[in-house]
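Letter by letter, the chains look like this.
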Amino acid sequence: MSEGLLDKEELVRYIICKFKETQSKEISPIKLQKSLYFLFAMWGGKVLGVKNDEEDYGFYSEFNPYLFNANFQAWKFGPVDRSVWEKYRDGEYDLNDCNTPTLDFHTKNQFEKTTASEYIDGLLQRIFNTSDFGLVDLSHEDNCWKRAYNSVNKIINSKDIIEEYASR
């Protein structure tokens, strides 16, 4: 898999800060995890879906469908990135350092940066306005989560996530 469009840790800090900025409170572990998951899934699905559509292919042909290097596992309450979960649980993210959160994209394509930034902000607004367990219920509808949850290792394949969302 190629490098993700963003550093996962930077995106986590961005989500934490955006939530605090717009909701005036700290984000819950469930909301953080589902934000990461749905950003990854929906961005990847959008990019791959457009790449498969000859009509819209031009502008998006060079976009990276991998928003970040994801490592999701199927947990009881939906997809979770264990390393992010552990760092959040252990207080390793500075929840008070939220001066104008920004994202540093791993691309020189300005159109890709702008498109991804607007997509992230718009989707986060929708995610933030959905209840934690509403997000859990949505993630439980995903076949990639169901397969992994019923498997031995519980690993959700990143490519499977993107392909599932591209087919919607």
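Within each chain, residues carry numbers counting from 1 in the order of the written sequence. Only residues with pLDDT of at least 70 get local features here, since the model is predicted, and only at 80 or more are side-chain atom pairs given and counted; chain-wide, interface and lining totals rely on the full set of residues. Neither water nor hydrogens contribute to the side-chain values; these are computed over all heavy atoms in the structure.

S.K.: What should I look at first to understand helix α8 (residues 158-166) in this one?
M.R.: Residues that lie three or four places apart on an α-helix share one face, since the helix turns once every 3.6 residues. When a residue's accessible area, from a 1.4 Å probe over protein chains only, is under 20% of the maximum for its type it is buried; when over 50% it is exposed; and in between it is partly exposed. Each helix is a run of DSSP H or I of at least 4 residues and each strand a run of E of at least 2, with the numbering of both proceeding from the N terminus. If you check which residues of α8 are buried, you get Ser158, Ile161, Ile162, Glu164 and Tyr165. Buried positions in α8, seen along its axis, are confined to an arc of 160° and lie on one side of it. With a side-chain oxygen lying 2.8 Å from the backbone nitrogen of lysine 159, the N-terminal cap of α8 falls on asparagine 157. Taken from the helix axis, the directions to the C-beta atoms give the arc we talk about. Under the rule applied, a polar contact is a pair of N or O atoms within 3.5 Å (in protein, one hydrogen donor and one hydrogen acceptor; residues adjacent in sequence only if both atoms are side-chain atoms).

S.K.: It is not clear to me how the packing of helix α1 (residues 8-23) against helix α5 (residues 110-128) should be interpreted in this structure. Could you clarify?
M.R.: Where helices are involved, their axes are fitted lines through C-alpha atoms of the stretch in contact, as for all axes, and angles between N-to-C directions lie from 0 to 180°. In the contact formed by α1 and α5, the axes pass within 11 Å of each other and the chain directions differ by 60°. Considering the angle they form, α1 stands oblique to α5. Crossing angle aside, the handedness with which α1 passes α5 is right-handed. Across the interface between the two elements, Tyr14, Ile15, Lys18, Phe19, Thr22 and Gln23 of α1 pack against Ile120, Asp121, Leu124 and Phe128 of α5. Throughout, the ten residues Ala, Val, Leu, Ile, Met, Phe, Trp, Tyr, Cys and Pro are labelled nonpolar, Asp, Glu, Lys and Arg are labelled charged, and all others, Gly among them, are labelled polar. Here the residues of the contact of α1 with α5 are counted per class, giving six nonpolar, two polar and two charged. Should an angle fall under 35 degrees it is called roughly parallel, over 145 degrees roughly antiparallel, and 65 to 115 degrees roughly perpendicular, with every other angle called oblique. Each helix crossing is assigned a hand: it is left-handed if the near helix lies turned anticlockwise from the far helix by less than a right angle, otherwise right-handed if that turn is clockwise. Contacts are assigned to residue pairs with any non-hydrogen atoms lying within 4.5 Å of each other.

S.K.: In this structure, what is going on with the state of the cysteines? I would like to understand it.
M.R.: In a disulfide, the sulfur atoms of two cysteines are covalently bonded to one another. Two cysteine sulfurs form a disulfide in these notes if their separation is within 2.5 Å. Under the counting rule described, the total for this entry stands at one disulfide. Each disulfide pairs two cysteine sulfurs, and for cysteine 17 the partner residue is cysteine 98, the sulfurs being separated by 2.2 Å. With the S-S bond torsion at -75°, the cross-link from cysteine 17 to cysteine 98 turns out left-handed. Pair noted here: cysteine 17 is in helix α1 and cysteine 98 is in the loop between α4 (82-89) and α5, with a separation of 81 residues, a long-range link. Assessed through its relative accessible area of 6%, cysteine 17 is described here as buried.

S.K.: When you look at the pattern of salt bridges in this model, what are you seeing that I'm missing?
M.R.: A side chain of one charge can pair with a side chain of the opposite charge if their charged atoms are brought near each other. Salt bridge criterion: a side-chain nitrogen from Lys or Arg within 4 Å of a carboxyl oxygen from Asp or Glu. In this structure the tally under the stated criterion is nine salt bridges. Across the pair lysine 159 and glutamate 163 runs a salt bridge, and its minimum N-O distance is 3.7 Å. Separated by four residues within a single helix, lysine 159 and glutamate 163 lie in helix α8, roughly one turn from each other. Judged by its relative accessible area of 46%, lysine 159 is partly exposed.

Just distances and angles here, no functional claims.
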